[in-house]
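Each chain, letter by letter, is given below.
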Amino acid sequence: NYLEKRCRTLQKKLDARPIIYQAPTGYGPLNLEAGNEVAGGSATWEPWLREVTGPVARRLHLPQGSEQRVASVAAPLCQAIEVPLRNFTQRLLRRDRWLYIFYV
């Protein structure tokens, strides 16, 4: 009896709370994100890539100032593989068996 009363009390509290709806931010049946772009048209990972290329260039003993060149070569490569990787991920998420095989 105590548990039923407690359950009714908690249910009333839940019913009193407003239902908050958040519109999906993605697209398609899986509601996946559309991509990682900022307002300027560049990808959100580009600043990180430019930050990482400095230590990489120094580790490879490249001449001073070559960080920008390394980043300018790496960014288009990353952009070229981003769309196929996103498509592959979406296909994996649509098929449970593929997803399990991928994890194995």
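Just above sits the structure.
Conventions and cut-offs
- As a convention, each chain's residues are numbered from 1 in the sequence order in which they are written.
- Thresholds applied to this predicted model are a pLDDT of at least 70 for local features of residues and 80 or more for the giving and counting of side-chain atom pairs; totals over whole chains, interfaces and linings are not thresholded and use all residues.
- Side-chain figures throughout are based on the complete set of non-hydrogen atoms in the structure, without hydrogens or water.
- Lines fitted to C-alpha atoms define the axes, with helix axes restricted to the stretch in contact, and inter-axis angles between N-to-C directions lie between 0 and 180 degrees.
- Secondary structure is summarised from DSSP: a helix means a run of H or I of at least four residues, a strand means a run of E of at least two, and numbering begins at the N terminus for each.
- In these notes the angle categories are as follows: under 35 degrees is roughly parallel, over 145 is roughly antiparallel, 65 to 115 is roughly perpendicular, and the rest is oblique.
- When checking whether two residues touch, look at their non-hydrogen atoms; a contact exists if any pair is within 4.5 Å.
- Under the scheme applied here, ten amino acids are nonpolar (Ala, Val, Leu, Ile, Met, Phe, Trp, Tyr, Cys and Pro), four are charged (Asp, Glu, Lys and Arg), and all others, including Gly, are polar.
- For this document, the term salt bridge refers to a Lys or Arg side-chain nitrogen within 4 Å of an Asp or Glu carboxyl oxygen.
- Note on exposure labels: buried denotes an accessible area under 20% of the residue type's maximum, exposed denotes more than 50%, and partly exposed covers the range between, all computed with a 1.4 Å probe on protein chains only.
- In this scheme Phe, Tyr and Trp rings, the latter by its six-membered ring, pair at centre separations within 6.5 Å, and the angle between planes marks the pair as stacked below 30 degrees, edge-to-face above 60, and tilted otherwise.
- Both a distance and an angle decide whether a charge sits over a ring: NZ of Lys or CZ of Arg must be within 6 Å of the ring centre and within 35 degrees of the ring normal.
- Multiply 1.5 Å by the residue count of a helix minus one, and that product is the helix's expected span.
- Patch membership needs two things, relative accessible area over 30% and no salt bridge, and members are linked within 9 Å if like-charged or within 5 Å if nonpolar (Val, Leu, Ile, Met, Phe, Trp, Tyr).
- Note on areas: these come from Shrake-Rupley sampling with a 1.4 Å probe, and a residue is covered only by the protein chains present in the view.

Closest axis-to-axis distance for the helix H3 (residues 67-94)/helix H4 (residues 96-103) pair is 5 Å, and the angle between their directions is 115 degrees. The angle between H3 and H4 places the two elements in the roughly perpendicular class. Contacts between H3 and H4 involve Phe 88, Arg 91, Leu 92, Leu 93 and Arg 94 from the first element and Asp 96, Trp 98, Leu 99 and Phe 102 from the second. Looking at the contact of H3 with H4 residue by residue, the classes come out as six nonpolar, no polar and three charged.

What follows deals with the environment of Ser 66. Considering the arrangement of structural elements, one finds Ser 66 in the loop between helix H2 (46-59) and H3. Linking Ser 66 and Thr 53, residues 13 residues apart in sequence, is a C-alpha distance of 9.0 Å.

It is worth spelling out the pattern of salt bridges at this point. Under the criterion given, the structure shown has three salt bridges. Across the salt bridge formed by Glu 67 and Arg 58, the nearest N and O atoms sit 3.8 Å from each other. Residue Glu 67 is classed as buried on the basis of its relative accessible area, which comes to 18%. Taking the shortest distance from any N to any O, the salt bridge between Glu 82 and Arg 86 comes out at 3.2 Å. With Glu 82 and Arg 86 both in helix H3, this residue pair falls four residues apart, about one helical turn.

Evaluation of the coordinates by the stated rule reveals two aromatic pairs. When the ring of Phe 88 is compared with that of Phe 102, the centres are 5.8 Å apart and the planes differ by 65 degrees; the resulting orientation is edge-to-face. Within this pair, whereas Phe 88 is found in helix H3, its partner Phe 102 is found in helix H4, the two being separated by 14 residues in sequence. Measuring from ring centre to ring centre gives 5.9 Å for Phe 102 and Tyr 103, while their planes differ by 65 degrees; the resulting arrangement is edge-to-face. Residue placement shows Arg 95 over the ring face of Trp 98; its charged tip is 4.6 Å from the ring centre.

With that settled, the discussion passes to H3. In this model H3 runs 39 Å from its N-terminal to its C-terminal C-alpha over 28 residues, within 8% of the 40 Å that 1.5 Å per residue would give. Within H3, the full set of buried residues consists of Glu 67, Ala 71, Ala 74, Ala 75, Glu 82, Gln 90 and Leu 92. Looking at the buried side of H3, the elements it contacts are H2 and H4.

Residues Val 56, Leu 60 and Leu 62 make up a contiguous nonpolar surface patch of roughly 250 Å² in combined accessible area. Within the secondary structure layout, Leu 62 lies in the loop between H2 and H3. Given a relative accessible area of 36%, Leu 62 falls into the partly exposed group.

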